[in-house]
Amino acid sequence: MVIVTLEKYVIEGGKPLYGDIQISGAKNAAVAILPATVLIEGVCRIENIPNILDVKKIVDILYQMGAQVRLINKNTIEIDTTNIKNMAPPYDMVRSMRASYYLLGAMLGRFHEAQVAMPGGCNFGVRPIDQHIKGFEAMGVSVSVEPGGLIDARVAEGTLHGGGSIYLDVVSVGATMNIMLAAARAEGTTIIENAAKEPHIVDLANFLNSMGADVKGAGTDSIKINGVKALHGGTYSIIPDQIEAGTYMALAAATGGEVSINNIIPKHMESITAKLIEMGVEVEEGDDSIVVRRDPAKRLERVNIKTMPYPGFPTDMQPQMAILLTLADGIGIITEGVWDNRFRYVDELKRMGANIQVDGKIAVFEGVDHLIPAPVKACDLRAGAAMVIAGLVTKGRTEVEDIFHIERGYEEIVEKLRGVGADIRKITVNDPSVIGKIG
Ligand SMILES: CC(=O)N[C@H]1[C@@H](OP(=O)(O)OP(=O)(O)OC[C@H]2O[C@@H](n3ccc(=O)[nH]c3=O)[C@H](O)[C@@H]2O)O[C@H](CO)[C@@H](O)[C@@H]1O
Ligand SMILES: C=C(OP(=O)(O)O)C(=O)O
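Worth saying up front: this structure is predicted, and the values here are computed from it rather than measured. (Residues numbered from 1 in each chain as written. Chains lettered and ligands numbered in written order. Predicted model: local features only at pLDDT ≥ 70, side-chain atom pairs only at ≥ 80, totals over all residues.)

## Structural notes on the overall build of the chain
Okay, so step 1: Helix and strand counts for the chain stand at 14 helices and 23 strands.
Okay, so step 2: Over its C-alpha trace the chain gives a radius of gyration of 22 Å, about what one expects of a compact globule, namely 22 Å for 439 residues.
Okay, so step 3: When its C-alpha atoms are laid out on the principal axes, the chain stretches across 65 × 55 × 45 Å.
Okay, so step 4: For the chain, with 439 residues in total, the buried portion stands at 51%. (Helix = DSSP H or I, 4+ residues; strand = E, 2+ residues; numbered from the N terminus. Rg over C-alpha atoms; globule rule 2.2 N^0.38 Å. Buried ≥ 20, exposed ≤ 12 C-beta atoms within 10 Å, placed from the backbone.)

What follows is the structure in structure tokens.
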């Protein structure tokens, strides 16, 4: 008989938090920069890498493809992909995460062909890649999706050439990055119009440029890439994680108290800072830190939020802000402007007594006085972070299951939270529902 174990967080919430939290490197930059090393012949030393599951998976995929990987410490690695083989990255590993699709752009740039499984990642409904494909096709690549979900992309004739002007029909972070990767070593120029402007787009461009690429305009909606023949190794440090920082800002606003969120770029936090101030939270900016302060006795004010591409309010902060609206004074509305189905966590919150109505991409929150503890599930990465916030704001014992979602993207979350006085621990339990069913 096999006994399956599962891990969960046990939280005793309901008290304000005080202290400092150090922010790790940005997940959404790291998961693009690591595949980008495929374009480079030489050793890349990458610092400030977040020690999270998604990063471990990508490093493992690169290792299996023949990259030499040296872990210098938990946040610094050296990768040398000089002798990497042009092979399909392991199907199941690729399928289990969204960001593995960056291997398409990187392998096209280096080998002019790639076979990569359709991506996975958080389930927000359909996550199409038609804009990525449109960009590759403009560079002379033929793309087909084979039965079983393997994407086959290859230069049909001649060489990988610059795509000229490519206008994205929707502002897509993934397509902007993937096209940038392939274009970095294409012959000629590619201009991505209506490009995404997120901080991690700029970080990928800075990484590529520091290794010899010629990318201009990242951070604006027009990015020009002059392809170069080769890229060399070097050292690069990843930017701080905007969403991890925002999550802890929302947490401090929810529980009350005073938390200093350190090692961040305050400019990246502007849309979140502005919303918290609108809700009556004190937010004080330093050079590379932000202090969030709220008197726990004072109720949060209601607001409306619409998620949008950067510099709009990030979709990846939507579930965390929902906890604040759940408890705010009055009715607040969230309109999800990026994904079709990012309110799956609402059912979990209702189990804790939240009053929320969802209609398609709109959720209406009628603030309640307090939440009640309940066992809840992390249904995806940020929804999981929201459940942790809900647990920490609620008096009594909340248990959060399926925490592997959370650990895809948050480094040492339990340790960081305990450092500001939170009562949270991770436990491993046997799962009675599967005892006897396997083996
Ligand atoms: C612009 C935006 O906020 N992007 C978010 C998106 O990035 P991610 O890169 O995952 O997704 P995209 O930015 O590509 O998608 C944005 C929108 O464009 C659509 N789309 C995308 C690609 C494509 O080829 N065709 C297409 O129609 C998607 O369905 C979606 O509605 O989710 C990530 C995880 O939540 C977030 O970190 C990003 O901030
Ligand atoms: C949803 C996210 O990640 P992914 O796109 O990798 O699923 C996220 O970072 O919030």
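## A closer look at the sheet that holds strand S23 (residues 423-430)
Okay, so step 1: With respect to topology, four strands assemble into an open sheet ordered S21-S22-S1-S23, the strand pairing being mixed. Only two strands of the sheet have a single neighbouring strand rather than two, namely strand S21 (375-377) and S23. Between one strand axis and the next, the sheet turns by 30° as a mean value, whatever way the strands run.
Okay, so step 2: Pairing of strand S1 (residues 5-13) with S23, which is carried by eight bridges, proceeds in the antiparallel orientation. In the sheet register, Tyr 9 faces S23, and the bridge partner there is Lys 426.
Okay, so step 3: The strands that helix H12 (residues 381-393) touches are S1, S21, strand S22 (396-401) and S23; relative to S1, the one it contacts most, it runs at about 40°. (Pairing = 2+ DSSP bridges. Axes fitted to C-alpha atoms, helices over the stretch in contact; angles between N-to-C directions. Contact = placed C-beta atoms within 7 Å.)

## Focus on the site of ligand 1
Okay, so step 1: Surrounding ligand 1, one finds 22 residues, the nearest of these being Gln 131, Ser 172, Val 173, Gly 174 and Pro 309.
Okay, so step 2: Listed by contribution, the elements that provide at least two residues to the shell around ligand 1 are helix H5 (130-138) and helix H6 (173-184).
Okay, so step 3: Considering only residue class, the shell around ligand 1 consists of 11 nonpolar, six polar and five charged.
Okay, so step 4: The residue makeup of the shell around ligand 1 includes at least three contributed by each of domain 1 (5-24 + 240-434) and domain 2 (27-237). (Near = placed C-beta within 6 Å. Nonpolar A, V, L, I, M, F, W, Y, C, P; charged D, E, K, R; others polar. Domains from an automatic or database assignment.)

## Section: the UniProt feature "binding site: UDP-N-acetyl-alpha-D-glucosamine" (unreviewed entry) in the chain
Okay, so step 1: The positions UniProt marks with the feature "binding site: UDP-N-acetyl-alpha-D-glucosamine" (unreviewed entry) are Arg 98, Arg 127, Pro 128, Ile 129, Asp 130, Gln 131, Asp 316 and Val 338.
Okay, so step 2: With respect to the secondary-structure elements, Arg 127 resides in the loop between strand S6 (113-117) and H5.
Okay, so step 3: Here Pro 128 falls in the exposed class, since 12 other C-beta atoms lie within 10 Å of it. (UniProt positions renumbered as here; feature names shortened; annotations may be inferred.)

## Quick look at the nonpolar core
Okay, so step 1: Ala 36, Met 180, Leu 204, Met 249, Leu 324 and Ile 389 are the most contacted members of the largest nonpolar core, which has 146 residues in total.
Okay, so step 2: Here this core takes 10 residues from H12, the largest share from any one element.
Okay, so step 3: Counting the residues that make up this core, at least three belong to each of domain 1 (5-24 + 240-434) and domain 2 (27-237).
Okay, so step 4: Those residues in contact with Ile 389 that sit more than four places away from it in its chain are Ala 250, Leu 251, Ala 254, Gln 320 and Ile 323. (Core = buried A, V, L, I, M, F, W, Y, C linked by C-beta atoms within 7 Å.)

## Some thoughts on unusual backbone geometry
Okay, so step 1: With an omega of 10°, the peptide bond between Tyr 310 and Pro 311 qualifies as cis.
Okay, so step 2: Within the fold, Pro 311 resides in the loop between strand S17 (305-306) and helix H10 (318-327).
Okay, so step 3: Despite not being glycine, His 112 shows a phi value in the positive range, around 65°.
Okay, so step 4: Here His 112 lies in the loop between helix H4 (102-111) and S6.
Okay, so step 5: The exposure class assigned to His 112 is buried, which follows from the 20 C-beta atoms found within 10 Å.
Okay, so step 6: Despite not being glycine, Asn 194 shows a phi value in the positive range, around 60°.
Okay, so step 7: Secondary-structure assignment places Asn 194 in the loop between strand S10 (189-193) and helix H7 (199-210).
Okay, so step 8: The partly exposed category is assigned to Asn 194, around which 17 C-beta atoms lie within 10 Å.

## Describing the pairing of strand S19 (residues 356-359)
Okay, so step 1: Pairing of S19 with strand S20 (residues 362-366), which is carried by four bridges, proceeds in the antiparallel orientation. Within S20, the position partnered with Asp 359 by the bridge is Ile 362.
Okay, so step 2: Counted along the chain from S19 to the antiparallel partner S20, the turn is two residues long, and its residue Gly 360 has a positive phi close to 60°.

## Focus on the environment of Thr 76
Okay, so step 1: Its location among the elements puts Thr 76 in strand S5 (residues 76-80).
Okay, so step 2: A count of 16 C-beta atoms within 10 Å places Thr 76 in the partly exposed class.

## As for the UniProt feature "binding site: phosphoenolpyruvate" (unreviewed entry) in the chain
Okay, so step 1: Residues given the UniProt feature "binding site: phosphoenolpyruvate" (unreviewed entry) here are Lys 27 and Asn 28.
Okay, so step 2: Looking at the secondary structure, you find Lys 27 in helix H1 (residues 27-36).
Okay, so step 3: If sequence neighbours within four positions are ignored, Lys 27 has contacts with Pro 50, Ile 52, Asp 54, Asp 241 and Gly 409.
Okay, so step 4: Here Asn 28 shows up in helix H1.

## Let's talk about the pairing of strand S16 (residues 289-294)
Okay, so step 1: By the alternation rule, side chains of S16 split into Ile 290, Val 292 and Arg 294, which are all buried, and Ser 289, Val 291 and Arg 293, of which none is buried.
Okay, so step 2: Bridging between strand S14 (residues 257-262) and S16 involves six bridges; their strand directions are antiparallel. Looking across to S16, one finds that Val 259 is bridged to Val 292.
Okay, so step 3: Where strand S15 (residues 282-285) meets S16, four bridges bridge the pair, whose relative direction is antiparallel. Considered in S16, the bridge of Glu 285 is made with Ile 290.
Okay, so step 4: Between the end of S15 and the start of S16, which pair antiparallel, lie three residues.

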